[in-house]
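Reading the structure
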Amino acid sequence: MTPVVFLVILFLGVGSRVLPPDPSLDAEWEEWKILYEKSYSQEEEPLRRTVWEKNMNMIKLHNGENGLGKNGYTMKMNAFGDMTNEEFRKMMVDFPMQSHERGKSIWKRSLSGLPKFVDWRKEGYVTPVRYQGNCSSCWAFAATGAIEGQMYKKTGKLIPLSVQNLVDCSKPHGNHGCDWGNTYFAFLSVWLSGGLEAEATYPYEGREGPCRYNPQNASAKIESLIELPENEDILMDVVATAGPVTAAIDALHDSFKFYHEGIYYEPNCSRYNLSHAVLVVGYGFDGNETDRNNYWLIKNSWGQSWGMNGYMKIAKDRHNHCGIVSFSQYPLV
């Protein structure tokens, strides 16, 4: 038995059996395999189909309830449809909370002076969404995104920075390549190394390698790091006035994995069990301006086929939902 098949059996549970495929889903299954370029061995395909059908039925049930007004967002099938929970969790990391002083230099202004909508994509601060693959490098994508925004603010040039540089070279500063990492150690690495290369000179490979950083190719440097306190009003102030900010959230839910559009609110989300790094690139509200309609706009690193072309609206002003302000930072360049 191959390790892949064993993982699928674990997902189905002890004593479970592979059920015959639902003929009504045949066309969708074949279209999905073509869209995401999936191919399996004869042994693996029925197992993957079972996982996929279970996820598809969950998505359709959720969206049916959403049509009745129960949920504020929809879900859709994506490239993760045949993945077991164990496989999906391997894309995540763990964010131990740091003990550093947070938010000392933040000036908090009256929220009445801030814009009601912010979207830094429209101002040229944000590079295109990319896909991290099987490497748990979300922390590196979030960190480079924040530096890219600050460099654009300073120079007027938007240069995609090297995620691979961080994956390969930040281990001496606390990260663990494709296995584990966080944005604080990523920023620390850039500061101590004296810079970060561009994607063009140090392209992403999706796996760990030896550190090949060349200071002569550095396209960005940082002078210091601001760690924000756990306060959504302060995050709103900073996002509105400074630019994109990194955040760590609880993303270990099927609802997050298959998010499509709308304002994401997951009742089981934790403020403390942080598992995934993202970039906060704006905020706003849908419909009437109420707490239930406010959102943070976040950029993910799971490709443009996930969510809203790689982005999500996540609930804002709802008690630090999913830990959006539990571990938020941005660099000064």
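Parameters and conventions
Residues numbered from 1 in each chain as written. Predicted model: local features only at pLDDT ≥ 70, side-chain atom pairs only at ≥ 80, totals over all residues. Heavy atoms only, no water. Disulfide = S-S within 2.5 Å. Helix = DSSP H or I, 4+ residues; strand = E, 2+ residues; numbered from the N terminus. Polar contact = N/O pair within 3.5 Å; in protein donor to acceptor, adjacent residues only side chain to side chain. Contact = heavy atoms within 4.5 Å. Core = buried A, V, L, I, M, F, W, Y, C linked by side-chain atoms within 4.5 Å. Buried < 20%, exposed > 50% of the residue type's maximum accessible area, 1.4 Å probe, protein only. Salt bridge = Lys/Arg side-chain N within 4 Å of Asp/Glu carboxyl O. Expected span 1.5 Å × (residues − 1). Axes fitted to C-alpha atoms, helices over the stretch in contact; angles between N-to-C directions. Parallel < 35°, antiparallel > 145°, perpendicular 65-115°, else oblique. Left-handed = near helix turned anticlockwise from the far one by under 90°. Nonpolar A, V, L, I, M, F, W, Y, C, P; charged D, E, K, R; others polar.

Turning our eyes to something else, we now look at the state of the cysteines. In protein chemistry, a disulfide is the covalent bond that joins the sulfur atoms of two cysteines. Tallied over the full model, the rule gives 3 disulfides. With a sulfur-sulfur separation of 2.0 Å, Cys135 is cross-linked through a disulfide to Cys178. Torsion about the S-S bond of the Cys135 and Cys178 cystine: about -95°, corresponding to left-handed handedness. Residue Cys135 is located in the loop between strand S2 (118–119) and helix H5 (138–155), and its partner Cys178 is located in the loop between helix H6 (163–169) and helix H7 (183–193); the two are separated by 43 residues in the primary sequence.

Once that is clear, we can look at the side chain of Gln132. Within the secondary structure, Gln132 sits in the loop between S2 and H5. Polar contacts involving the side chain of Gln132 include one to the side chain of Ser301, which spans 2.6 Å. Side-chain polar atoms of Gln132 contact the side chain of Trp302, separated by 3.5 Å. With residues near it in sequence (within four places) discarded, Gln132 still touches Met91, Ser137, Cys138, Phe141, Tyr204, Gly206, His276, Ser301 and Trp302.

Right, let's talk about the nonpolar core for a bit. In globular proteins that are soluble, nonpolar side chains generally tend to be buried together. Grouped together as the largest cluster of nonpolar side chains are 84 residues, with contacts concentrated most on Ile147, Val239, Trp296, Ile298 and Ile324. Examining the composition of this core, we find that 9 residues originate from one element, H5, more than from any other. Contact partners of Ile147, with chain neighbours within four places excluded, come to Leu161, Phe187, Val190, Leu196, Ala220, Ile222 and Pro331. Judged by nonpolar contacts, the second largest core, of 6 residues, contains Trp180, Tyr184, Ala248 and Leu274.

For the rest of this paragraph, the subject is H7. When H7 is considered as a whole, its buried residues turn out to be Thr183, Tyr184, Phe185, Ala186, Phe187, Ser189 and Val190. For H7, the side-chain oxygen to backbone nitrogen distance between the N-cap and Tyr184 is 3.0 Å, and the N-cap itself is Asn182. The positive-phi residue at the C-terminal boundary of H7 is Gly194, with phi of around 90°.

Our focus in this paragraph is the environment of Thr127. If you trace the backbone, Thr127 turns up in the loop between S2 and H5. Judged by relative accessible area, which is 7%, Thr127 ranks as buried. Expressed as a C-alpha distance, the spacing of Thr127 and Lys299, which sit 172 residues apart in the sequence, is 9.9 Å. At 2.8 Å, the side chain of Thr127 forms a polar contact with the side chain of Glu148.

Attention now moves to the pattern of salt bridges. A side chain with one charge may pair with a side chain of the opposite charge, provided their charged atoms come close. In total, this model carries 16 salt bridges according to the counting rule given. For Glu45, the salt bridge is made with Lys33, and the minimal N-O distance between the two is 2.7 Å. Of this pair, Glu45 sits in helix H3 (residues 45–67) while Lys33 sits in helix H2 (residues 26–35), and the two are 12 residues apart along the sequence. The class of Glu45 is partly exposed, set by a relative accessible area of 23%. In this structure, a network of salt bridges that share partners links the residues Asp26, Arg49 and Glu53.

This part takes up H3. The end-to-end C-alpha distance of H3 is 32 Å, a good match for the 33 Å that 23 residues give at a rise of 1.5 Å each. All of the buried residues in H3 are Leu47, Arg48, Arg49, Thr50, Val51, Trp52, Glu53, Asn55, Met56, Ile59, His62 and Asn66. At the C-terminal side of H3, Gly69 shows a positive phi close to 90°.

Relative orientation and spacing of two packed helices are given, respectively, by the angle between their axes and the distance between those axes. Contact geometry of H5 with H7 gives a least axis separation of 9 Å together with a crossing angle of 55°. Of the possible angle classes, the one that applies to H5 and H7 is oblique. In this structure, H5 crosses over H7, and the sense of that crossing is right-handed. Contacts between H5 and H7 involve Trp139, Ala142, Ala143, Ala146 and Ile147 from the first element and Thr183, Ala186, Phe187 and Val190 from the second. Grouping the constituent residues of the contact of H5 with H7 by class yields 8 nonpolar, 1 polar and no charged.

For Asp317, which is not a glycine, the phi torsion comes out positive at approximately 60°. Tracing the chain through its elements places Asp317 in the loop between strand S10 (311–315) and strand S11 (329–332). In the Ramachandran plot, Cys322 falls in the positive-phi region, its phi being about 60° despite a non-glycine side chain. Secondary-structure assignment places Cys322 in the loop between S10 and S11.

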